[in-house]
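Report on the structure
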Amino acid sequence: MVDFRLDKEYEELRDSVRQFAREQVAPVIADHYEKKTFPYEVIRQMGSMGLFGLPFPEEHGGMGGDYFALCIALEELARVDSSVAITLEAAVSLGAMPIYRFGTEEQRKQWLPRLTSGAALAAFGLTEPGAGSDASGTLTRAVLDESTNEWVINGTKAFITNSGTDITCLVNVMAVTGTNPDGSKELSTIIVPSGTPGFTVAPGYSKVGWCASDTHELSFDDVRVPAANLLGERGRGYAQFLRILDEGRIAIAALSVGLAQGCVDESVTYAKNRTAFGHAISDYQAVKFLIADMDLRAHTARLGYYDAAARMLAGDDFKRYAAIAKLNASNAAMENSRWATQVHGGYGFMNESAVGRFYRDAKILEVGEGTSEVQRMLIARGLGL
Amino acid sequence: MNIVVLVKQVPDSGAERTLSADFSVDRASSSNVINEMDEYAIEEALKIKEAHGGEVTVLTVGPAGATDSIRKALSMGPDKAVHVQDDALHGSCAVATSKVLAAALRTLSPDLILSGAESTDGRVQVVPHMLAELLGVAALTGARKLTVDGSQLTVERQTDEGYEVVTAATPAIVSVWDTINEPRYPSFKGIMAAKKKPVQALTLGDLGISGDEVGFAGATSQVLEFNKRPARTGGAKVVDEGNGGEQLVSYLASEKFV
Ligand SMILES: Cc1cc2nc3c(=O)[nH]c(=O)nc-3n(C[C@H](O)[C@H](O)[C@H](O)COP(=O)(O)OP(=O)(O)OC[C@H]3O[C@@H](n4cnc5c(N)ncnc54)[C@H](O)[C@@H]3O)c2cc1C
Ligand SMILES: Cc1cc2nc3c(=O)[nH]c(=O)nc-3n(C[C@H](O)[C@H](O)[C@H](O)COP(=O)(O)OP(=O)(O)OC[C@H]3O[C@@H](n4cnc5c(N)ncnc54)[C@H](O)[C@@H]3O)c2cc1C
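Residues numbered from 1 in each chain as written. Chains lettered and ligands numbered in written order. Predicted model: local features only at pLDDT ≥ 70, side-chain atom pairs only at ≥ 80, totals over all residues.

**Focus on the overall build of chain A**
Applied cut-off: For helices the rule is a DSSP run of H or I covering at least 4 residues; for strands it is a run of E covering at least 2, with both sets numbered from the N terminus onward. For a compact globule the rule gives 2.2 Å times the number of residues to the power 0.38, and the radius of gyration it is set against comes from C-alpha atoms. Exposed residues have 12 or fewer other C-beta atoms within 10 Å of their own C-beta, buried residues have 20 or more, and partly exposed residues fall in between, where C-beta atoms are placed from the backbone.
Looking only at helices and strands, chain A has ten helices and ten strands in total. Whereas a compact globule of 385 residues would reach a radius of gyration of roughly 21 Å, chain A reaches 21 Å, a difference of no more than 12%. Considered along the principal axes of its C-alpha atoms, chain A spans approximately 80 × 45 × 40 Å. Going through the 385 residues of chain A one by one, you find that 53% of them count as buried.

So, in structure tokens, the structure goes:
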């Protein structure tokens, strides 16, 4: 029989992260958001409670959990704040996971202990000013200099999360390394350590949301790294990022569900305490129904990502289900943040209110790690269209 | 160092709490959690173990449902647990509970016993002192800091006015306030590991205690009636006539906030 209730260990993890988010993230995050500062202390605490190691085996400093455990943690964090949630998501799913999945034993030994403990962050550089949904537009090039046995990298990456913090240690850079027999670009992933000469991190973007997360444009100007920094096999870049993004969609769905649920939490409390026309506004059916619809979206979106994660962990083909989960959950987050701010009246338009932040944080969920249109393309492809 | 931490399960102080028909704490209708102060005692025990080696045992006297709190305590890092559970314990007063804890502690012969300074349901703050008396060990209570140097313990004992420095040699019992450290959150590894940690179940019979020494039968005190907390009142208004600041500070001082 199918059962969507959590096993005890996931439930305990959820409780632990929920308590952490409430006690350690909620009190400080509005200030970081307002000042656009990276919450180093919160990230350090997340590291010491093992969140960055969740899906990795213990031999690499991990917690011996799985991808679903990561999703549970992301949901609970995003229920309170999305900036710390995306920092965790990008660090684990986009930063450390490629090294774990595709790296050599040496690369894993060199980087994973620091990444899984949260002492250092890694980033994933795919998007470029001229290439987002369509990776074939990638212009960043890496040429192997056989005289020194080094890759020489030139190009620009756009909107790269976790790429410029004080504790960022590397970026996995997607680059064109040649031409395939069919004339298409040969793509490969290369590990570029922070601080390599010629690798420049531009000042952080001024963003609409995710204001306490770290996002930069990166430029590579004759950046030289050893040939051994190639991640996995040459020419496998395309397949690698497809795998990483398929998984990542489930994580973004979980994060979206957290935001959607946070809207429910905040609205229930606010509506009970806010009086208008002589009653708590929760007495009005118009308000009750808004919140009921929010709960509906959060819950059904949660089932979607649970299902996609279960398929992935079972080793089934999960692409289409991950796309459905992400498309539906990001929509739930957008809708819920719209109506949660409505329930909060003028206060919902203030940055100090949690729902004000949720409103600003929701939009990117329909864009990052595959836009909603890309998700529809994937679903249609899964249907043979 | 062989450390035993006393962990009590209590109704969540953040939720609605009440008493049962027999005037005992209603543990069935509320969500139950580890007594908050006990998490600080666990953290302190783990820090001592990390610095000096040894073993940390969780000791709980409580109903079957207390296993959830024992698991959660173990997921923070202690090595094992002892759970004293017996239907006859229902309604036990602080004296009886201390008797049971003392008997269980004798079977564990700890060098150091750590506990919270109070529990959020009973709030009597007497169990650590009673245990010290029953076991004949030193009591260093209300600690905001604990230093271990071999068998020598030094405690900064928090008082309303400041703190006192007190010392004792092990074996001893130290009760702690929430100023002593920042308890860790259970990690997934800790949660998984906790499932495999031994939890020894003991009954009153195992400890040589008869049912009429504890529970309602053996209680030294009895709750005769209880009243709901009065509804919140308007609070105190301070009118600023040039000395508003002073008035605020003296109010805060009278409430022991500063
Ligand atoms: C805060 C933030 C953090 C990010 N972090 C990272 C990161 O860490 N690493 C990284 O590599 N990238 C990152 N990104 C980039 C993000 O993944 C891209 O913005 C996203 O993939 C969309 O690409 P694009 O911006 O180039 O939009 P485009 O691809 O230019 O899309 C523009 C619009 O056209 C639509 N569209 C495109 N093609 C089609 C089609 N065939 N049919 C129908 N509609 C189509 C899209 O759906 C979209 O609506 C981040 C972005 C932001 C804003
Ligand atoms: C940037 C900004 C500028 C502003 N400028 C001004 C200004 O210049 N002057 C000024 O006076 N005000 C100003 N306001 C205040 C604004 O007019 C109020 O925020 C607005 O009228 C809503 O009131 P409220 O915030 O008290 O929300 P509430 O009235 O508390 O409403 C909260 C929610 O309850 C719902 N609700 C309330 N009653 C009922 C009911 N009976 N049935 C069903 N639903 C109900 C509302 O629709 C809403 O969704 C400003 C607000 C902002 C954010």
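**Side note on the site of ligand 1**
Residues and elements named next belong to chain A. Rules: Nearness here has a simple definition: the residue's C-beta atom, placed using the backbone, must lie within 6 Å of the molecule or strand. Gly is placed with the polar residues, together with every amino acid not listed as nonpolar (Ala, Val, Leu, Ile, Met, Phe, Trp, Tyr, Cys and Pro) or charged (Asp, Glu, Lys and Arg). Residue ranges assigned to the domains are those given by an automatic or database domain assignment.
Near ligand 1, the surroundings consist of 22 residues, among which Leu126, Gly132, Ser133, Thr371 and Glu373 are the closest. Among the elements of the structure, helix H4 (82–102), strand S1 (121–125), strand S3 (150–161) and helix H10 (372–382) are those that each provide at least two residues to the shell around ligand 1. When grouped by side-chain class, the residues that make up the shell around ligand 1 number eleven nonpolar, eight polar and three charged. In terms of domain composition, the shell around ligand 1 takes at least three residues from each of domain 2 (122–235) and domain 3 (239–382).

**A look at the UniProt feature "domain: Acyl-CoA dehydrogenase/oxidase N-terminal" (unreviewed entry) in chain A**
Put simply, the rule reads: UniProt positions are given in the numbering used here, feature names are shortened, and annotations may be inferred rather than shown by experiment.
In this numbering, the UniProt entry assigns the feature "domain: Acyl-CoA dehydrogenase/oxidase N-terminal" (unreviewed entry) to residues 8–118 of chain A. Between the C-alpha atoms that bound residues 8–118 of chain A the distance is 25 Å, and the span itself is 74% helix and 0% strand.

**Quick word on the UniProt feature "domain: Acyl-CoA oxidase/dehydrogenase middle" (unreviewed entry) in chain A**
According to UniProt, the feature "domain: Acyl-CoA oxidase/dehydrogenase middle" (unreviewed entry) maps to residues 123–223 of chain A in the numbering used here. Secondary structure content for residues 123–223 of chain A is 0% helix and 52% strand, while the C-alpha to C-alpha distance between its ends is 17 Å.

**Section: the site of ligand 2**
All names here are of chain A. What surrounds ligand 2 is a group of 13 residues, the closest being Ala276, Tyr284, Ala286, Gly345 and Gly346. At the level of elements, helix H7 (285–313) and helix H8 (319–343) are the ones that each hand at least two residues to the shell around ligand 2. By residue class, the composition of the shell around ligand 2 is nine nonpolar, three polar and one charged.

**Some thoughts on the sheet that holds strand S6 (residues 112–116) of chain B**
Residue and element names in this part refer to chain B. Quick note on the threshold: Here, strands pair whenever DSSP counts at least two bridges between them. Axes here refer to lines fitted to C-alpha atoms; in helices the fit is confined to the stretch in contact. Angles between the N-to-C directions go from 0 to 180 degrees. Once C-beta atoms are placed from the backbone, any two residues with those atoms within 7 Å are in contact.
The mixed open sheet is built from nine strands, whose spatial order is S9-S8-S7-S10-S6-S1-S4-S5-S11. The sheet is open, and its two edges are formed by strand S9 (163–169) and strand S11 (199–202), each paired on a single side. Each strand of the sheet is rotated relative to its neighbour by a mean of 35°, with strand direction disregarded. By the bridge criterion, five bridges tie strand S4 (residues 55–61) to strand S5 (residues 80–84) in an arrangement that is parallel. Each residue of the ladder has a partner; that of threonine 60, found in S5, is histidine 83. The strands that helix H4 (residues 127–135) touches are S6, strand S7 (138–149) and strand S10 (172–176); relative to S7, the one it contacts most, it runs at about 85°.

**Things to note about the environment of Asp361(A)**
Residue and element names in this part refer to chain A. You can see aspartate 361 is positioned in helix H9 (residues 354–362). Residue classification places aspartate 361 among the buried residues on the basis of 28 C-beta atoms within 10 Å. Considering only alpha carbons, one finds aspartate 361 and proline 27, 334 residues apart in sequence, at a separation of 18 Å. Beyond its immediate sequence surroundings of up to four residues, aspartate 361 is in contact with Ser82, Gly209, Trp210 and Leu259.

**Section: the UniProt feature "domain: Electron transfer flavoprotein alpha/beta-subunit N-terminal" (unreviewed entry) in chain B**
Cross-referencing UniProt, the feature "domain: Electron transfer flavoprotein alpha/beta-subunit N-terminal" (unreviewed entry) maps to residues 22–211 of chain B in the present numbering. Along residues 22–211 of chain B, the helical share is 31% and the strand share 29%, with 18 Å between the first and last C-alpha atoms.

**Digging into the domain arrangement of chain A**
Residue and element names in this part refer to chain A. Under the domain assignment, chain A is made up of domain 1 (8–121), domain 2 (122–235) and domain 3 (239–382). Here domain 1 and domain 3 have C-alpha centroids that lie 20 Å from each other. Contact residues are listed per partner, giving 25 residues for domain 1 and 24 residues for domain 3. Split into classes, the residues belonging to the side of domain 1 that touches domain 3 amount to 16 nonpolar, two polar and seven charged.

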